Amino acid sequence: MTQHHRYHSPRSLVFAAALTLLSALPVHAQQLRLTGGDYFSTDGVDVMVFNNPYHSFFYDEKRSGIDIIHQGVLTASNGCVRLQPTPEQWDLVPETVSHKIDAKPQTVDVVVDYPDYAFQPEMRVMPEGKGFRVEVILSKPLPQTLEGKAGFNLEFLPSAYWTHSLMVDGQPHYFPRYPNSETETRPNADKVKQVLGYSTYDDRGRGEYISPLPFARGHELVLAPEDDSRRVRITSDSTLLMYDGRVVAQNGWYVVRSLLPAGKTGTVLSWHVEPNAVAGWQRQPNIGFSQVGYEPTQQKQAVIELDRKATPLASATLLRIDATGRRTAVLTMPIRRWGEFKRYQYVTADFSQVAEEGVYCLQYGDQQTNTFPIRRGVYRDVWHPSMDVWFPVQMDHMTVREAYRVWHGEPFKDDCVQAPVNTEHFDNYRQGPETESPFRSLEHIPGFTAGGWFDAGDFDIETPSHDGTLLSMVSTWEEFKPLRDQTLVDADKHYTEIHHPDGKPDLLQQIAHGVLPIVAQVEVIGHPCRGITLPTLSEYHHLGDASTETDNTVGTGDERWCFTSHNPHTDYYTAAALAATSRALKSYDPQLSSRCLTAAQKVWRDNADKPLRASVRLQAALELYKATADKAYLRLLRDSMITTLEAMPADRASSTLATALQAVPVMDKGYPKRLRPIVEAFRQLLDDKLRDNPYGVDAVGENWGGNGAVASQGVTAYYAHKYFPDLVGREDVLRVANFLFGCHPDHNKSFVAGVGVRTKNMTYGNTRADFTFIAGGVAPGLLAMKPDYFENKDDWPFYWGQNECTIGLTSEFVFLGNALNKLFE
Ligand SMILES: [Ca+2]
Ligand SMILES: [Ca+2]
C-alpha cells in the first residue's frame, strides 16, 4: 500500500493515521540483511551484489554489478568500478575474480579484474544504518593510465526517475526527461579502449571522441525525494557526480559516479546508499488472464501472482459489463493456492463454467482488471498484425509504407562484400582463415540486393533465423493455407505497402522474399553462410531508417560483410528450409521454387561425406522427401527418426518431436505406434511443467526471455494433439496462447504487441529508441536475474532479452494463431 495520503492531510489526521500504522506495523523498516545467503533485503528493497556477473558476450547489459530491486522493480544497476563516466554496451566490463558472501558480519566482498589494464579493484558492501555502505579497496595504487578515468558508478533507470525531482546538497533539481547535459571532445589517444579494440563512435576522421560532463555534483544526492517507492539517498566524502548516459547512447542511464583518487591504497572511496524502505510493504497482486479473451467452451483460469508475505483472499469475482456500463457479479470463484515460484506465491481462480458471450472483468480484493471478451471466434484475427504489419516492416531491400508513414526506405543497395579472413565480429559472426568462397577479402559479392528480413532489432540477415522462419512459414502454409492478402509486395520495384491488397497471399510473398538471400548464398558462394551484417560497431548500433545505414553505392567501404564460413549443421538446416520453400512456391513462383530445390539438393549432396548425426539432418531429409518423393530420404527417416528421438532427453526433444510428428503422413503404418512412447514422454514433460509453475510453460528465460520455448512448446503440442489427441489435448495448446496473451508473471499485458485489450507498449525493433512497438511483434518475454528476480519491462524498451522481437518467434506465433482457429473449427 502506498502512503501518499499524508501529503494532503491536515496534521491531526496524519497523526491519527500514523497511530493506526504504529499499531499494525513495525515502527521502522528492518535493516538490510542477507537473506538465504544470497542478497541483502528488507521491506521492498533488495540489494544484489554481483549475483549477476558481467556477460562475456553482451558485455554491459545494465543487469550486473550491484543492483537495486526497489519495490519489485529493477531501478538501479551496474554498481561497479568502471572506466568511463557513462559506460556503453561495448565498453570494457570487468571479470569477477572472487565473490565472497559472509553472513557474519554481513558483507559481500567482490574483486574484479580489468586484464587490459592490470587493474583489480575490490568492492565491499555491508548494511549501514537504513541502507548500505560500499567501499572500494585498492591493494595497489590506480594505474596511471586510469587516473581521472576509473571511478565507482551506480546507474539509475531513466524511466523510473524522469518525472521526478532530485536534491543535490539540499538544492532542488529535477531529472531531465530528455538528455540535454553537456559533453566535451577529447583526443582519441586519451580514450579507454572498448571491447576487442572496437569503437562505437564514428569520429569521421577527426581523431576525437565525446565524453559526457556531469549535470550535478555534490556530497549528498537524494533521488526522487517525493516518492516512497523510488527515493534513494547517497552520501559520500568523495564528490558525487551525476551524468546522463543518454547523451552518448540512447539506451544509457543516469549515472552517479565518484572518481577514484590517484596514488592511494586501502579504502579509497566509500558511499552510503539508502534506498527507501517502507515497513510492511507488499507488492500489488498481478492478476493474469488472456487479454484476447476466451472461447466459450475453453477452460478459463486466472493466475494471480502475490507477494510472498501476502495472505491469499478466499475468493475472486467475475463481473459482466452490459451495454449501459453496469457491472454485475456473475461468479464468485474460490481461490486455490498453487504455491511458490521464484520470488512470488501464486493462487488461481477458475471461471471455465461461464460460457455466455459478453464483456467481463476480474476482481481480486480492491483491484478490478480491464475488460476482456468471451465469445466464439475470439482467436480469428490474432495473427493478422504479425503478417500485415510486423513482417512487412522487417523486410530488407524494400521501401515499406503504411498509409502516411514510410517505415524505411530501400536499404543496402550496395550489398555486400566478402568478410575479411580471421575476423572475430562483435555480434557472434566470425570468419576463419579461409573465405571458403570464390571471393577475396573485402571483394564485392553480387547477387544480394534483394530479399531477406532484419532478423530482429538490428540490421543483419542471419541465415539460421531465416531457415527457422521459412520452415515455420511453410508449415503454416501447408497446415492452414491462409490466403489473407492485405499487403502489396512489388519485388521488382522494391516496394511494400501495408494495408494494400495486391491479389497475392501475403504469406507466400513473405516466403518468396525471405528465401532470396538464402538461395543466393548457395548459388553465388556455393554453400549456405553464417549471414550478412554491418562491419563496424558504429554502423551496427544505428538507430533510424535502415536506408541511411550505408551510402547505397558499391565500393565505398561501408558495405555489409558476408560471413561465408559454414558448417554441416547450418548446411542441413538451410537445405531443409530451401526444400520446404520449394514446395510452398511451386505454383506461386515456379522458377524460384525450382532454384530453391536445386540449391537444397546441392547442399545435401555436398554434405554426403559429412553425415551429421543430428536431428537437423532428418529435418532436411523430411523436407527433401516431401519435395521430391525420392525414397532415399524416406529410408533415412525410417531408419533414424525414432532412434534419434529415443536418444534425446525429453526436455530437449520438443522441436525434433515436432519434425517427427510432421512426418506421420509420409511414414509407414507402424510409425505412430513407434512414436507413441515419445509423445507419452512429451505428455510427462507437459505435466512436469505444470508442477514447476502455475502457467505450465518455461515461463522465464536465463539469457533471453522464455517466449521462444513457450511458442515452440505450443507448436509441438498442436501436432501432438493432431495425431495423439488422447495424450495431448486442446488445452495444452491453449495454455501457451493464454500465457502469450497476458496470463503470465510480472504484468498482465499481452506479449504480442497490439493483440489483445491491453498489450505491450514497448517492444524493440527498427524503432527501438522510440518507446513504441510495431504491431504483431512478439516480445521475448520474461528474463531472469539470479537468484530469483525476473521481469519484462514495459516503460523501457532497451533490454533485448525482454523486448527485442525476432522473426523466428513471430513466425511461430503466426503458426499458433492459425492453429488456435483450427482448434475451434
Ligand atoms: Ca499480398
Ligand atoms: Ca557503400
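Bear in mind the structure is a predicted one, so any value in this text is a computation, not a measurement.

1. Overview of the side chain of Asn 607
Of note, Asn 607 is situated in the loop between α9 (590–606) and α10 (615–628). Judged by its relative accessible area of 1%, Asn 607 falls in the buried class. A polar atom in the side chain of Asn 607 sits 2.8 Å from the backbone oxygen of Val 603. Not counting residues up to four positions away in its chain, the partners in contact with Asn 607 are Pro 568, Asp 571 and Tyr 572.

2. A word on α9
Under the 1.5 Å per step criterion, the end-to-end length of α9 is 24 Å for 17 residues, consistent within 8% with the ideal 24 Å. By the burial criterion, the buried members of α9 are Leu 592, Ser 593, Cys 596, Leu 597, Ala 599, Ala 600, Val 603 and Trp 604. End-on view of α9: buried residues confined to an arc of 165 degrees, all on one side of the axis. Opposite the packed face of α9, turned more than 90 degrees from it, sit the exposed residues Pro 590, Gln 591, Thr 598 and Arg 605. Those residues of α9 that are buried are in contact with α5 (506–514), α6 (516–525), α8 (568–584), α10 and α11 (631–646).

3. Some details on the coordination of the calcium ion (ligand 2)
Protein ligation of the calcium ion (ligand 2) involves Asp 414 (OD), Asp 551 (OD), Thr 553 (O), Thr 556 (OG1), Asp 558 (OD) and Glu 559 (OE), the donor distances falling in the range 2.2 to 2.4 Å. Considering all 6 donor atoms around the calcium ion (ligand 2), angles at the metal cover 74 to 171 degrees and the coordination shape is octahedral. All donors of the calcium ion (ligand 2) belong to a single chain; written as a sequence motif, their spacing is D-x136-D-x1-T-x2-T-x1-D-E. You can call Thr 553 partly exposed: its relative accessible area is 40%.

4. Looking at the pairing of strand β21 (residues 315–321)
Within β21, 5 of the 7 residues are buried, leaving the element largely enclosed by the surrounding structure. Here β21 pairs with strand β22 (residues 327–334) via 7 bridges, running antiparallel. Each bridged residue has a counterpart across the sheet, and for Leu 319 the counterpart in β22 is Ala 329. Between β21 and β22, which pair antiparallel one after the other, the connecting turn spans 5 residues, and Gly 325 there sits at a positive phi close to 95 degrees. The sheet contact formed by β21 and strand β25 (residues 358–364) spans 5 bridges and is antiparallel. In the strand pairing of β25, Thr 317 is matched with Gln 363.

5. As for unusual backbone geometry
For the bond from Asp 415 to Cys 416, the omega torsion is -20 degrees, close enough to zero to count as cis. Mapping Cys 416 onto the fold places it in the loop between β29 (405–408) and β30 (417–418). Note that the residue after Lys 786, namely Pro 787, is joined by a cis bond; omega there is 0 degrees. Along the chain, Pro 787 turns up in the loop between β39 (782–785) and β40 (789–791). You will see that Gln 71, though not glycine, has its phi angle at about 50 degrees, which is positive. The topology assignment puts Gln 71 in the loop between β4 (66–70) and β5 (73–82). In this structure Gln 71 comes out as buried when scored by relative accessible area, which is 14%. Here the phi dihedral of Asn 422 falls at roughly 55 degrees; this positive angle occurs in a residue that is not glycine.

6. Regarding the pattern of salt bridges
Tallying each qualifying case throughout the model produces 49 salt bridges. Of the charged contacts, one joins Asp 698 and Lys 689 as a salt bridge, the two residues approaching to 2.9 Å between their closest N and O atoms. We classify Asp 698 as partly exposed; its relative accessible area is 36%. Counted as one network, the salt bridges with shared partners bring together Asp 60, Lys 62, Arg 82 and Glu 155.

What counts and what doesn't
- Residues numbered from 1 in each chain as written.
- Chains lettered and ligands numbered in written order.
- Predicted model: local features only at pLDDT ≥ 70, side-chain atom pairs only at ≥ 80, totals over all residues.
- Heavy atoms only, no water.
- Helix = DSSP H or I, 4+ residues; strand = E, 2+ residues; numbered from the N terminus.
- Buried < 20%, exposed > 50% of the residue type's maximum accessible area, 1.4 Å probe, protein only.
- Polar contact = N/O pair within 3.5 Å; in protein donor to acceptor, adjacent residues only side chain to side chain.
- Contact = heavy atoms within 4.5 Å.
- Expected span 1.5 Å × (residues − 1).
- Arc of directions from axis to C-beta.
- Donors = N, O, S within 2.8 Å, 3.2 Å for Na, K, Ca; no water.
- Tetrahedral: all angles 85-135°; square planar, octahedral: opposite > 155°, others 65-115°.
- Pairing = 2+ DSSP bridges.
- Salt bridge = Lys/Arg side-chain N within 4 Å of Asp/Glu carboxyl O.

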